[in-house]
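# Structure assessment
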Amino acid sequence: MSRMADWGNDLYTGRRSINFVGQSKKWYVWSAVIMIVALAGLVVRPLNLSLEFTGGSEFRVATQSAPSNYEDLATEAVREVAGGESSANVSTLGGSTVRVQTEELSGDEAREVSRTLATAFDVESSEVSSNFIGPSWGASVSQQALRALIVFLVLTTALMALYYRNLKMAVASMIALAHDMVITVGIYSWSGFEVSPATMIGFLTVLGYSLYDTVVVFDHVKENTRAAFANRRMSFADAANLAVNQTLVRSINTTIIANLPVVAVIIIGFAVLGPGTLLDLSLALFIGTTVGAFSSVFIATPLLVDLRRKDPDVVQLAKDAEKHRARQERQPAMAASGAPSTAAASAGGGSATSSSTPARDSSGEVGTRDASTGGADPGEAQTVTGRKVHKYAQSAGPRNQPKKTPRKRRGKG
């Protein structure tokens, strides 16, 4: 068995454990710092919203192969018509199509920019297409996306509360989900990646993946804590921490396997296809799945334990588990000290402290008897209840068992 398999098996059985729950404050601090940096990015460097959200004009130039200075050629063509202050977002699609996005232009300006681009890239005018997207359409898309997000969160919270029969589990999962979204949006803000409708689809997909990973961990938490409440041998925090350890290897493997095709799409998108729907979607998925795996392990479960730490049943369970742990620790100490037990004293033929007490024998006369033998003859072994010990059980060695007649000789005289 490989080292990874051994390590995972030790985590699952509890032979080895990482204290995720006990170090929850450290995870909270790190997450808080990352979230503050992410939110600061929205102020310092706002999101790079695509044309679908901001509105404007888009031009696409179909060439045999985009020249190395395609950005300078496109920017100069736009500024020649719209003025020197105009800006253009220039990129390539598939290595041969040049996409130029500008602020809103009038019809005459758009036609003039198309002719200028055709001249700059030495193509026919028919090879240049223009498209205008109004800001009202982008605002409508944003409103619909926000509405879908709110409905999704409300329904998901209600369903998780019903499934787990515990509102605090649903609250913990929603906080972990918000943590994932804030960090994902912050990465987009600082990196300058374009936020398009495909990116919004990726965000919604990330929500589902993050919740899926959290639900898997919480299912193990539910099973372990149910067993802990039944046998009273493990606290709620210990049972929850064991659940995280049991699912750690699975979360790592799932995240790696899920990201392998996504990384392949990202590499192809950057190297061959260029900006587009596929690249926008894969970027959101890669960032979200990675952050989601982190939150389900380091945020969701420790937060659930902290939310339920003061519940009466959880407090009582912790006390019972502490008592059980103390009993377990005392047993090796008693064995090491050699303290005789009742069973050991009886097995030793009554070697415990004995006292002579007056007793009446069968003839009615008062005499003395040994308390350890129950009044029997000194040479006759007795149990602590006074019963005679069978002769086969009187030897100091292993117990003698009556011999059984071999099967082939049974029935023969």
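Residues numbered from 1 in each chain as written. Predicted model: local features only at pLDDT ≥ 70, side-chain atom pairs only at ≥ 80, totals over all residues. Heavy atoms only, no water.

## Some thoughts on the overall build of the chain
- Of the regular secondary structure elements, the chain holds 12 helices and 8 strands.
- For the chain, with 413 residues in total, the buried portion stands at 36%.
- Here the contacts in the chain between residues at least 6 apart in sequence split such that 73% fall between residues at least 24 apart.
- Split by element, the accessible area of the chain, about 24400 Å² in all, is 58% carbon and sulfur. (Helix = DSSP H or I, 4+ residues; strand = E, 2+ residues; numbered from the N terminus. Buried < 20%, exposed > 50% of the residue type's maximum accessible area, 1.4 Å probe, protein only. Contact = heavy atoms within 4.5 Å. Areas by Shrake-Rupley, 256 points an atom, 1.4 Å probe, with all protein chains shown as cover.)

## Side note on unusual backbone geometry
- Its identity is not glycine, yet Arg165 carries a phi of approximately 55°, on the positive side.
- Structurally, the position occupied by Arg165 is in the loop between helix 6 (135-164) and helix 7 (167-191).
- With phi around 60°, Arg232 is a residue other than glycine that occupies positive phi space.
- Counting through the fold element by element, Arg232 comes out in the loop between helix 8 (197-231) and helix 9 (236-273).

## A few points about helix 2 (residues 24-44)
- For helix 2, which comprises 21 residues, the first-to-last C-alpha distance of 30 Å matches the rise-based estimate of 30 Å (1.5 Å per residue) to within 8%.
- If you check which residues of helix 2 are buried, you get Ser24, Trp27, Ser31, Ala38 and Gly41. Buried positions in helix 2, seen along its axis, are confined to an arc of 110° and lie on one side of it. When the buried face of helix 2 is taken as reference, the exposed residues oriented beyond 90 degrees from it are Lys25, Val29, Ile36, Val43 and Val44. (Expected span 1.5 Å × (residues − 1). Arc of directions from axis to C-beta.)

## With respect to helix 4 (residues 70-82)
- Compared with the 18 Å implied by 1.5 Å per residue over 13 residues, the 18 Å span of helix 4 between its first and last C-alpha is a close match.
- Restricting attention to buried positions, one finds in helix 4 the residues Tyr70, Ala74, Thr75, Ala77 and Val78. When helix 4 is viewed along its axis, its buried side chains cluster within an angular range of 160° and face the same direction. Exposed residues on helix 4 whose side chains face more than 90 degrees from its buried face are Asp72, Glu76 and Glu80.
- Looking at the buried residues of helix 4, the elements they touch are strand 3 (88-93), strand 4 (97-102) and helix 5 (107-121).
- Once helix 4 finishes, Gly83 follows within two positions and takes phi at roughly 115°, a positive value.

## Remarks on the nonpolar core
- Judged by nonpolar contacts, the single largest core of 50 residues is most densely connected at Phe20, Tyr188, Phe218 and Val221.
- Examining the composition of this core, we find that 13 residues originate from one element, helix 10 (residues 277-307), more than from any other.
- Ignoring any residue separated from it by four or fewer positions in sequence, one finds Phe20 in contact with Trp27, Asn241, Val244, Asn245, Leu248, Val297, Phe298 and Pro302.
- Counting 17 residues, the second largest nonpolar core, distinct from the first, contains Tyr70, Ala74, Ala118 and Phe121. (Core = buried A, V, L, I, M, F, W, Y, C linked by side-chain atoms within 4.5 Å.)

## Here we look at the packing of helix 4 against helix 5
- In the contact formed by helix 4 and helix 5, the axes pass within 9 Å of each other and the chain directions differ by 145°. Crossing handedness for the pair helix 4 and helix 5: right-handed. Each of Tyr70, Leu73, Ala74, Ala77, Val78, Glu80 and Val81 in helix 4 lies in contact with helix 5, whose residues at this interface are Glu109, Glu112, Val113, Thr116, Leu117, Ala120 and Phe121. (Axes fitted to C-alpha atoms, helices over the stretch in contact; angles between N-to-C directions. Left-handed = near helix turned anticlockwise from the far one by under 90°.)

## Digging into the pattern of salt bridges
- Tallying each qualifying case throughout the model produces 10 salt bridges.
- A salt bridge links Arg60 to Glu58, with the nearest nitrogen and oxygen atoms 3.2 Å apart.
- Classification of Arg60 as partly exposed rests on a relative accessible area of 34%.
- For Arg325, the salt bridge goes to Glu322, with nearest N and O atoms at 2.7 Å. With Arg325 and Glu322 both in helix 11 (residues 312-337) and 3 residues apart, this pair spans about one turn of that helix.
- Relative accessible area serves as the criterion here: at 32%, Arg325 is assigned to the partly exposed category.
- Owing to a relative accessible area of 46%, Glu322 belongs among the partly exposed residues under this scheme.
- When salt bridges with common partners are traced through the structure, they connect Lys168, Arg308, Asp311 and Asp313 into a single cluster. (Salt bridge = Lys/Arg side-chain N within 4 Å of Asp/Glu carboxyl O.)

## Focus: the side chain of Thr75
- Looking at where Thr75 falls in the secondary structure, it is placed in helix 4.
- Within the local environment of Thr75, its side chain forms a polar contact with the backbone oxygen of Glu71, the two atoms lying 2.8 Å apart.
- What Thr75 contacts, discounting residues up to four positions off in sequence, is Ala88 and Val90. (Polar contact = N/O pair within 3.5 Å; in protein donor to acceptor, adjacent residues only side chain to side chain.)

## A short note on the packing of helix 2 against helix 7
- Relative orientation of the contacting elements helix 2 and helix 7 amounts to 45°, with a least axis distance of 8 Å. In terms of axis orientation, helix 2 runs oblique to helix 7. Between helix 2 and helix 7 lies a crossing whose hand is left-handed. Contact residues: helix 2 offers Ser31, Ile34, Met35, Val37, Ala38, Leu39, Ala40, Gly41, Leu42 and Val44, while helix 7 offers His179, Val182, Ile183, Val185, Gly186, Ser189 and Trp190.
- Here the contact of helix 2 with helix 7 is built from residues that sort into 12 nonpolar, 5 polar and no charged. (Parallel < 35°, antiparallel > 145°, perpendicular 65-115°, else oblique. Nonpolar A, V, L, I, M, F, W, Y, C, P; charged D, E, K, R; others polar.)

Nothing here speaks to function; it is geometry throughout.
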